[in-house]
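# Structural overview for review
So you can see what is in the structure, the chains are spelled out below.
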Amino acid sequence: MTRGHRRRSRLLAAVLALAAALMALLAVPASTAAAATATVYYRAPAGWTGANLHYAADGGAWTAVPGVPMAAACTGWLSRTVDLGTAAGAQVVFNNGAGTWDNNNGANYRIGSGDVTVSGGRVAAGNPCGGEEAVVYYDLTSMGWTQAYLHYAVNGAWTTAPGTAMAEPACAGWARLTVPLGSATGLTAAFNNGGGVWDNNGGADYQVGTGTTLVSGSEATPGSDPCEAAEPDTTAPAAPTGVTAVVNATTVILSWNAATDDVGVTGYRLTRTAPDGTDTRTTTAVKFTDANLDPNTRYTYTVAAYDAAGNVSAASAAVTATTGDAPPTAAGGEMLGGDPRQDPIYFAMTARFYDGDESNNRGGAKHETSGNADYDDPMFRGDFSGLIERLDYIKALGFSAVWITPVVLNRSDYDYHGYHGYDFYEIDARLESEGASYQDLIDTAHAKGMKIYQDVVFNHSSRWGAVGLETPTVYGVQDAQWGDFYDTYNPGFTYDGLAVEPGSGRSYYNGDLWSTAEPAGNTCRNWGQFTGNYSAEGWKVYHCQWPSPTSGMFSAANYHQCWIGNWEGEDARSCWIHEDLADFNTEDEAVQEYLIGAYEQYIDMGVDGFRVDTAVHIPRVTWNRVFLPALQEHLTAKYGAEKAQDFYIFGEVAAFVHDRWNRGSVNHSAQFYTWQERRDYSDDDVAAALEQYDWENTQGTENQPTSDNAFLDGNTYHAPDYSQFSGMNIIDMRMHMNFGEASNAFFNGKDSDSWVNDATFNAVYVDSHDYGPNKSSTRYAGGTDAWAENMNLMWTFRGIPTLFYGSEIEFQAGVRIDCGPTCPLEETGRAYYGDHLEGTLAVGDFSQVTSATGAIATTLDQPLVQHLQRLNEIRRAVPALSMGQYSTEDVSGGIAFKRRYTDAGTDSFVLVAITGSATFANIPNGTYTDAVTGDVKTVANGTLTATVSGQGDMAVWVLDTALTDAPGQVGEDGPYLS
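Residues numbered from 1 in each chain as written. Predicted model: local features only at pLDDT ≥ 70, side-chain atom pairs only at ≥ 80, totals over all residues. Heavy atoms only, no water.

### Observations concerning the side chain of D139
For clarity, the cut-off: Helix numbering and strand numbering both begin at the N terminus, where a helix is a DSSP run of H or I of at least 4 residues and a strand a DSSP run of E of at least 2. Residues are treated as being in contact if the distance between any of their heavy atoms lies within 4.5 Å.
Within the element layout of this structure, D139 appears in strand β11 (residues 132-139). With sequence-adjacent residues up to four places away left out, D139 is seen in contact with G173, W174, V215 and S216.

Okay, here's the thing in structure tokens:
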């Protein structure tokens, strides 16, 4: 949202402005110069119970957040009259008072004076509470929709697609919206389901007049309220039949025939009886996966159907199932343990890093069209074999932790990155080789003293679902248009991403995903019917052909049923963010058990931590009372309570703003996720998520908890308080967004630290596989000197330095990071890095190269590599730089701070000045040694001045203490530190 800023006025400007105003008064009639007003009429989105108007008259300041309340005007409309003064108009935005905003997708609304309407993203003139209106009813059953949006034009001006939600009260099967027409006599209309499916009357649109109009079966007919004569529904559905149960170890998969009802079945209620009691679940599908049950236990199930009126059928015939033995525990290892702040992180995209085994390379369906074939560069190219072979390179740089992209079996047209999980219990075969399994990678890294952080996804699966939970069938047809797209079904072949199906010759085989005939138990509406739309090739597109949250293809029990509309709104946790990312219903117990069981097995393999993808799209209360406690419980059972704390969990809470709070929404700000809940919520996880969202946004940004865990008390380290810590640390999005310059990152980063439970655990990076600073779509290109300055800050300031692969040589600097399959990977920031790693290499300890030849020797000879190696040496030699609290109190200079870490055997105190000189006052007297130059200073008056030559240089003055001696000069002089 753009907001006005107060500016100081210079005296001359004020005089000129006054003169101009007096001349204007003399030049126009008095009535023209009088103060102007605007009466703003607003149609609030569905679900809003009220609205505030937040505005700034042209040239003036914005009202205080959240703005001024609007009052009811007429049916469906709110209004507020505002004083514009002498301005001709204003910028306006709206919010519901609970953190949800309508700011015209970030562009704000521009209004003039007089009567103004804002509805469906469109600004128009007039008073909607006067003149004619159109009451539009849309027959949802005619399209098999559950919701509808009205996209319309009055006097030729169309609303912004998809239009306005038809959310006024109506009876079952109908959606309703009232549209004020003013002096117009009608409107032009089209309808859609909010998920990309349209009804535009075959391209002709609908013509709707004044009064009530019913749109059904491609006809718009004037009529009366179809809901007036609706009789109450008192008839219960018929009982479901054909209930079956299939057992797979400790999972029971239930299915049954769809029940019938005179109006329509809304869902099903499952009752499970076990020796320890009875449990009830609900689903909208005719299939249910009951996972993570007790082994060798008899369960009895019945199913009842219910409708929208709350009528419940009799229970089905009971079916019994006895679970088998629990799946064998994977042979695994143990994590290394130790404070994760001591381990700088190297982030490698496994499939793009180094190719150790060409036999598992796969290009996929987009190999040719993406342009990858032109470079002989399959998307799956790097692998665990390559990582194992080049762990010594990462160690030579000085890194002791490696963050790798997700390892679970993926499935989509372009899934090399790992974020389209299909089977969360299987490792993707395209990453493994004989002698180079995932377990081999973990074990080899540990033998070198290096940790493995696994990227994990709890929020979504691939668009084809998740094996063992739900895998929907889509409509397909091998006709003249789509024949080459759909592979013939081979019941003897199981997709693993690597194996080639013999009939199609494809490893990206899809024969098991589709059917032309409607499958038993199908819930997708309008199966196989032509949508009226065409593909880019000009082919007919059919209903149920592509996964969608609004088609009924996925069950509501396992997956959310909507598209995201507001990235800072409540729907950010309860809707799909992309068609390739089917959004798990993480508030459902079966989904929770499926995910917990999957990720426990990787803990058992000995991984050292999880980087959590899209963490913000799951409610914090779900993390805090389900996922994080479950992981901690499993870690404690494996390692004991003390070592379990060493497992490093850091979440991606993507807040792409420069400010402390993400557009005022605390629920979508990174620091929010480091805290436990402050109150109790409903036992129901769905209700709890809504309650927590509303309550915390009502508390606002300034009523959030704060912590001094990252800060010194003067010069003294104090024991941190983790009693309110959630268990999730965060990627430092604030510093990331502000790393256009190191000074911006420093000052903005520390501005947020009081609201983080302990910012010394933040993962800090400049750019990644998603964005560069300032939400740039390109890899950082600030130059070598700026990179050296950024690294100086990252390796000495609080937080854990994290480097995206190749940044040590400015690999692909300024190149767009990702463009999907629309361009070759070689031309992106995710290009293959292995060409820079060819040759021989031998290493000693971290940052120490014994010998190197070939391309890898050239890579290691680059100035930033040498700088990085020395920074890692210095950070390891001074405990305060990795684990210390910090302070800028009594410090003068630019990027300058002091840090200290103290435990039973350590007392490390350091003064750091980056780029510019700084003076430190009121510090402990004693002997200080600069770890960069080896210079020694004796402080007797509590003051030390650090002299720094410029960008890329820094001073690191370390105090000799009774417990910890200063290390002296660390490492050899290099291109920046000397």
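### Looking at the sheet that holds strand β42 (residues 763-764)
Strand pairing within a sheet occurs via backbone hydrogen bonds; the two strands may be parallel or antiparallel. What counts here: What makes two strands pair is DSSP finding at least two bridges between them.
The sheet built from eight strands is open, its strands ordered β41-β40-β39-β32-β29-β28-β43-β42 with parallel pairing. Whereas interior strands pair on both sides, the edge strands pair on one side only; in this sheet they are β41 (729-730) and β42. With three bridges connecting them, strand β28 (residues 345-348) and strand β43 (residues 800-804) associate as parallel partners. Paired with F347 across the strands is F804, a residue of β43.

### As for the state of the cysteines
Threshold: Here, two cysteine sulfur atoms that lie within 2.5 Å of each other are counted as a disulfide. The rule is simple: take the accessible area with a 1.4 Å probe, protein chains only, and divide by the maximum for that residue type; under 20% is buried, over 50% is exposed, in between is partly exposed.
Under the definition given, this model contains four disulfides. Here C524 engages in a disulfide with C544; their sulfurs sit 2.0 Å apart. Its torsion about the S-S bond being -105°, the disulfide of C524 and C544 is classed as left-handed. Of this pair, C524 sits in the loop between β35 (514-515) and β36 (530-534) while C544 sits in the loop between β37 (540-542) and β38 (582-583), placing them 20 residues apart in sequence. Each member of the pair, C524 together with C544, is buried.

### Some thoughts on the environment of T100
Within the fold, T100 resides in the loop between β6 (89-95) and β7 (101-102). Judged by relative accessible area, which is 14%, T100 ranks as buried. Residues T100 and D571, spaced 471 residues apart in sequence, show a C-alpha to C-alpha distance of 9.8 Å. Non-local contacts of T100, meaning those with residues more than four positions away in its chain, are made with W48, F94, N95, N566, G569 and Y693.

### Quick word on unusual backbone geometry
That bond from V65 to P66 is cis: its omega, 10°, falls within 30 degrees of zero. Within the secondary structure, P66 is located in the loop between β2 (52-57) and β3 (68-69). Unlike most non-glycine residues, N526 shows phi in positive territory, near 60°. Summarising the element assignment, N526 is placed in the loop between β35 and β36. Given a relative accessible area of 16%, N526 falls into the buried group. Not every positive phi belongs to a glycine, and K775 is a case in point at roughly 55°.

### A few points about helix α12 (residues 742-752)
All of the buried residues in α12 are A742, A745, F746, N748, G749 and S752. Among the structural elements, α11 (733-737), α13 (784-796) and β47 (891-903) are those in contact with the buried residues of α12.

### Some details on the pairing of β2
Burial of β2 is extensive: six of the six residues sit out of reach of the surface. Burial of the side chains of β2 extends over both faces: N52, H54 and A56 are buried on one face and L53, Y55 and A57 on the other. Bridge analysis of β2 against β3 gives two bridges, and the strand direction is antiparallel. By the bridge assignment, N52 is partnered in β3 with P69. Across six bridges, β2 lies against β6 in antiparallel orientation. The residue bridging L53 from the neighbouring strand is F94, located in β6.

### Here we look at the confidence of the model for the chain
Here is the rule: Note: pLDDT gives the predictor's confidence per residue, expressed from 0 to 100.
When pLDDT is averaged along the chain, the result is 91; 95% of the residues meet or exceed 70. Low pLDDT, under 50, characterises residues 1-33; the stretch is placed with 18 contacts to residues that sit more than four places away or in other chains.

### Quick notes on the packing of aromatic side chains
Threshold: Whether two aromatic rings pair depends on their centres lying within 6.5 Å, for rings of Phe, Tyr and Trp, where Trp uses its six-membered ring; planes under 30 degrees apart make the pair stacked, over 60 edge-to-face, and the rest tilted.
In total, this model carries 66 aromatic pairs according to the counting rule given. Seen in terms of ring centroids, Y453 and F650 are 5.9 Å apart; in terms of plane orientation they differ by 70°. Their pairing is edge-to-face. Pair noted here: Y453 is in strand β32 (residues 451-457) and F650 is in strand β40 (residues 648-651), with a separation of 197 residues, a long-range link. Taken individually, Y453 and F650 each receive the classification buried, so the pair is uniform in this respect. Between F458 and W623, the ring centres sit 5.1 Å apart and the planes meet at 65°, which makes this aromatic pair edge-to-face. Pair noted here: F458 is in the loop between β32 and β33 (460-461) and W623 is in helix α8 (residues 620-639), with a separation of 165 residues, a long-range link.

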